[in-house]
Amino acid sequence: MSRKHVTIQLAAPEHLPEVHRMLIALAAFHGDQATITPDALRRLAFQGPGARLLVATLDDSPQEHPVGYALLVLRANMVTGGQSYVIDHLYVQDPVRRQGIGRALIKGAKILAMDEGRAGLVIGAHPTNAGAAQAYRAMGLAELPASGPRFAVELA
């Protein structure tokens, strides 16, 4: 499959309807039911200091809606005192999976974390999502010794 040319950016209000649809799809994939409302998502993405929402759009698409997203949540490290991001959600729509978009979202999250001077960036995989864990290993992310698959993204 060919790699898609993708732009990673902080979400804008017009991206939220599609992100909300993808969030519902991600929850369903894991057997959950998303109950977050569009207004709650808007507050989380734009009003709270502890989260960042990145979206991926295809450069060659006539539609400007996102085809993937990453939700980063700020977490304090009680050992070092630093603050790191955890990629809490990473989702790419099915028709464009395996074309580098997830990798681009992680790279965008890494750049954001570095630009903000964060202490680290971590991504986890749902215990039943072996494909995600395998993809993170294939990207060369360092697996962390914790419950469930968790991987560190080196910020240097």
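This structure is a prediction, so every number in the text was calculated from the model and none was measured.

### Quick look at the nonpolar core
Part 1 of the argument: In this structure, Leu72, Ile87 and Tyr136 are the most contacted members of the largest nonpolar core, which totals 28 residues.
Part 2 of the argument: Secondary structure elements with two or more residues in this core: strand S2 (51–58), strand S3 (68–76), strand S4 (83–92), helix H3 (101–115), strand S5 (120–124) and helix H4 (130–138).
Part 3 of the argument: No other element matches H3, which puts six residues into this core.
Part 4 of the argument: Beyond its immediate sequence surroundings of up to four residues, Leu72 is in contact with Gly50, Ala51, Arg52, Leu54, Tyr85, Val86, Ile87, Ala109, Leu112 and Leu121.
Part 5 of the argument: Core analysis: the next-biggest nonpolar cluster, separate from the first, contains 15 residues, Ala11, Leu16, Met22 and Leu23 among them.

### Some words on the side chain of Thr57
Part 1 of the argument: Within the secondary structure, Thr57 sits in strand S2.
Part 2 of the argument: Each residue touching Thr57, except ones within four places of it in the same chain, is listed here: His5, Val6, Thr7, Gln9, His15, Glu64, His65 and Pro66.

### Quick word on the pairing of S3
Part 1 of the argument: Of all nine residues that make up S3, seven are buried, and the element is covered over most of its length.
Part 2 of the argument: Taken together, the nine bridges between S3 and S4 define a ladder with antiparallel strand orientation. Looking across to S4, one finds that Val73 is bridged to Val86.
Part 3 of the argument: Connecting the antiparallel pair S3 and S4 is a turn made up of six residues, with Gly81 showing a positive phi of about 85°.

### Overview of the packing of helix H1 (residues 16–29) against helix H2 (residues 38–46)
Part 1 of the argument: In contact at an axis separation of 10 Å, H1 and H2 are set at 105° when each is read in the N-to-C sense. Accordingly, the angle class assigned to the pair H1 and H2 is roughly perpendicular. Contacts between H1 and H2 involve Leu16, Val19, His20 and Leu23 from the first element and Pro38, Leu41, Arg42, Ala45 and Phe46 from the second.
Part 2 of the argument: Its residues placed into classes, the contact of H1 with H2 shows seven nonpolar, one polar and one charged.

### As for unusual backbone geometry
Part 1 of the argument: You will see that Arg98, though not glycine, has its phi angle at about 65°, which is positive.
Part 2 of the argument: Inspection of the secondary structure puts Arg98 in the loop between S4 and H3.
Part 3 of the argument: Judged by its relative accessible area of 77%, Arg98 falls in the exposed class.

### A word on the pairing of S2
Part 1 of the argument: With seven of eight residues buried, S2 is to be regarded as a mostly interior element.
Part 2 of the argument: As paired elements, strand S1 (residues 6–10) and S2 share five bridges and run antiparallel to each other. Bridging across to S2, Thr7 finds its partner in Thr57.
Part 3 of the argument: Inspection of the sheet shows S2 paired to S3 by six bridges, in the antiparallel sense. Pairing of Ala56 across the sheet is with Gly68, part of S3.

### What to know about the environment of Ala113
Part 1 of the argument: Topologically, Ala113 is positioned in helix H3.
Part 2 of the argument: Residue Ala113 is classed as buried on the basis of its relative accessible area of 0%.
Part 3 of the argument: For the pair formed by Ala113 and Leu155, sequence separation is 42 residues and the distance between their alpha carbons is 7.5 Å.
Part 4 of the argument: Here Ala113 is in contact with Tyr85, Arg118, Gly120 and Leu155, once residues within four sequence places are set aside.

### Let's talk about the side chain of His15
Part 1 of the argument: Locating His15 in the fold gives a position in the loop between S1 and H1.
Part 2 of the argument: Assessed through its relative accessible area of 6%, His15 is described here as buried.
Part 3 of the argument: Each residue touching His15, except ones within four places of it in the same chain, is listed here: Gln9, Leu10, Val55, Thr57, Glu64 and Pro66.

Definitions and limits used
- Residues numbered from 1 in each chain as written.
- Predicted model: local features only at pLDDT ≥ 70, side-chain atom pairs only at ≥ 80, totals over all residues.
- Heavy atoms only, no water.
- Core = buried A, V, L, I, M, F, W, Y, C linked by side-chain atoms within 4.5 Å.
- Buried < 20%, exposed > 50% of the residue type's maximum accessible area, 1.4 Å probe, protein only.
- Helix = DSSP H or I, 4+ residues; strand = E, 2+ residues; numbered from the N terminus.
- Contact = heavy atoms within 4.5 Å.
- Pairing = 2+ DSSP bridges.
- Axes fitted to C-alpha atoms, helices over the stretch in contact; angles between N-to-C directions.
- Parallel < 35°, antiparallel > 145°, perpendicular 65-115°, else oblique.
- Nonpolar A, V, L, I, M, F, W, Y, C, P; charged D, E, K, R; others polar.

As far as function goes, none of this settles anything; it's purely spatial.
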